[in-house]
Amino acid sequence: MSMPQISVITPVYNGEKTIRETIASVLNQTFTDFEYIIINDSSDDQTLEIIASFSDPRIQVFSYPKGNLPISRNRGITHASGEYLAFLDADDVWTPDKLEAQLNALKANPEAAVAYSWTDYIDEYSQFLRVGSHFTANQDVYAQLLLMNFIENGSNTLIKAEAIAQVGGFDPNLPSAEDWDMWLRLAAQYPFVAVPKVQVLYRVSSQAMTRNIPRMEAACLQVIERAFSRSPDSLQFLKPLTLGNFYKYLTCKALEGKPQRKNALQAARFLTQIIKNDPTLIKEKVFGKLLFRIATTILFPSAIAETVFTKTGKLSDIKTLYGYLRLNPS
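Quick caveat: nothing in here was measured; it's all calculated off a predicted structure. (Residues numbered from 1 in each chain as written. Predicted model: local features only at pLDDT ≥ 70, side-chain atom pairs only at ≥ 80, totals over all residues. Heavy atoms only, no water.)

Q: Looking at this model, I keep getting lost on the overall build of the protein. Mind explaining?
A: Along its length, the protein carries 12 helices and 9 strands. Its C-alpha atoms give the protein a radius of gyration of 20 Å, within 12% of the compact-globule value 20 Å for 330 residues. On the principal axes, the C-alpha backbone points of the protein span a range of 65 × 50 × 35 Å. Across the 330 residues in the protein, those meeting the buried criterion constitute 54%. When contacts within the protein are restricted to residue pairs at least 6 apart in sequence, those whose partners lie at least 24 apart make up 75%. Total accessible area on the protein stands at roughly 14600 Å², and carbon and sulfur atoms take up 56% of it. Distance from the positive charge centre (33 side chains) to the negative charge centre (34 side chains) of the protein: 9 Å. (Helix = DSSP H or I, 4+ residues; strand = E, 2+ residues; numbered from the N terminus. Rg over C-alpha atoms; globule rule 2.2 N^0.38 Å. Buried < 20%, exposed > 50% of the residue type's maximum accessible area, 1.4 Å probe, protein only. Contact = heavy atoms within 4.5 Å. Areas by Shrake-Rupley, 256 points an atom, 1.4 Å probe, with all protein chains shown as cover. Lys, Arg positive; Asp, Glu negative; His and termini not counted. Charge placed at Lys NZ, Arg CZ, Asp CG, Glu CD.)

Q: Quick question: what am I supposed to make of unusual backbone geometry here?
A: Most peptide bonds are trans, and most residues other than glycine sit at a negative phi. Of note in the backbone geometry, His 134 takes a positive phi value of approximately 50 degrees without being a glycine. By the secondary structure assignment, His 134 is in the loop between strand 7 (128–131) and helix 5 (142–147). Among the residues examined, His 134 registers a relative accessible area of 26% and is labelled partly exposed. Unlike most non-glycine residues, Glu 152 shows phi in positive territory, near 80 degrees. Checked against the element boundaries, Glu 152 lands in the loop between helix 5 and strand 8 (158–160).

Shown next as structure tokens:
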């Protein structure tokens with residue numbers, strides 16, 4: 001029996017709400033020479049029953065005691081026999097041409113070890129939420145990746161297995177941002193190639209790991225410090241821009257969804273970090289919107305703040321802050 005070209009790895013813990021759609025998006029790929037390794041992380045809901053309802057010989061399920069996401073991905077790697085590895089979290093979805101397009105991109109650029117695509121965001125009901133960064137960079141992308149994780153999530157890449165073996169697996173000590181850490185280690189050694197089309201649908205849910213903002217802040221700061229400690233002197237000037245980008249992202253995360261005073265207080269702290277690292281934002285219209293949204297959320301009960309934001313519309317819309325992420329290292 002010949003080895004599959006690609007090993008797809010999905011870690012899952014209690015994924016009964018989304019795992020069916022995730023598995024279907026893998027089995028519906030136009031490229032079919034893959035094995036599908038599902039790492040069950042001690043689920044105690046209907047996850048295993050749903051997986052068992054798919055009768056496809058490419059699916060292999062391995063159950064383990066509870067770990068975290070990087071541990072589960074690493075467990076998947078140990079079972080993988082493909083020349084290329086792709087990771088898909090149990091609540092995300094691929095478009096049908098994702099694997100085919102990324103594999104073609106890697107074969108057309110044999111020196112590259114990583115292919116990635118664009119991401120858009122969906123909600124808990126698979127409805128479109130917002131576009132991703134749709135950023136395109138090829139070959140040496142290390143400086144751009146230092147500035148921001150433009151790959152955006154762990155469900156995006158197709159990677160040569162030998163490259164992951166070279167840089168080591170996902171860091172099990174990182175509770176978040178372990179994907180950014182991995183992409184940086186790969187980009188330090190290998191060229192990347194972009195597929196400039198949306199092929200990853202990243203699900204945003206209220207239970208998502210990214211909602212744990214303090215944990216995310218601590219992990220990302222660890223990744224940033226580690227990356228700059230390994231980076232050449234010629235790139236150290238990027239650090240304030242990286243921190244500015246990161247705190248812009250965190251500010252948006254803290255203020256999205258239902259207005260909550262504790263989140264607005266976090267956002268106020270993040271805003272001071274933005275000013276410290278990228279003071280040019282003070283001159284922009286979005287800065288006033290941020291102050292308005294933070295102050296309203298802190299001063300008024302949640303229901304009143306929500307009514308104010310509904311009535312003021314664009315005046316309180318801070319999503320434009322994503323447009324102020326600095327992605328040019330020069």
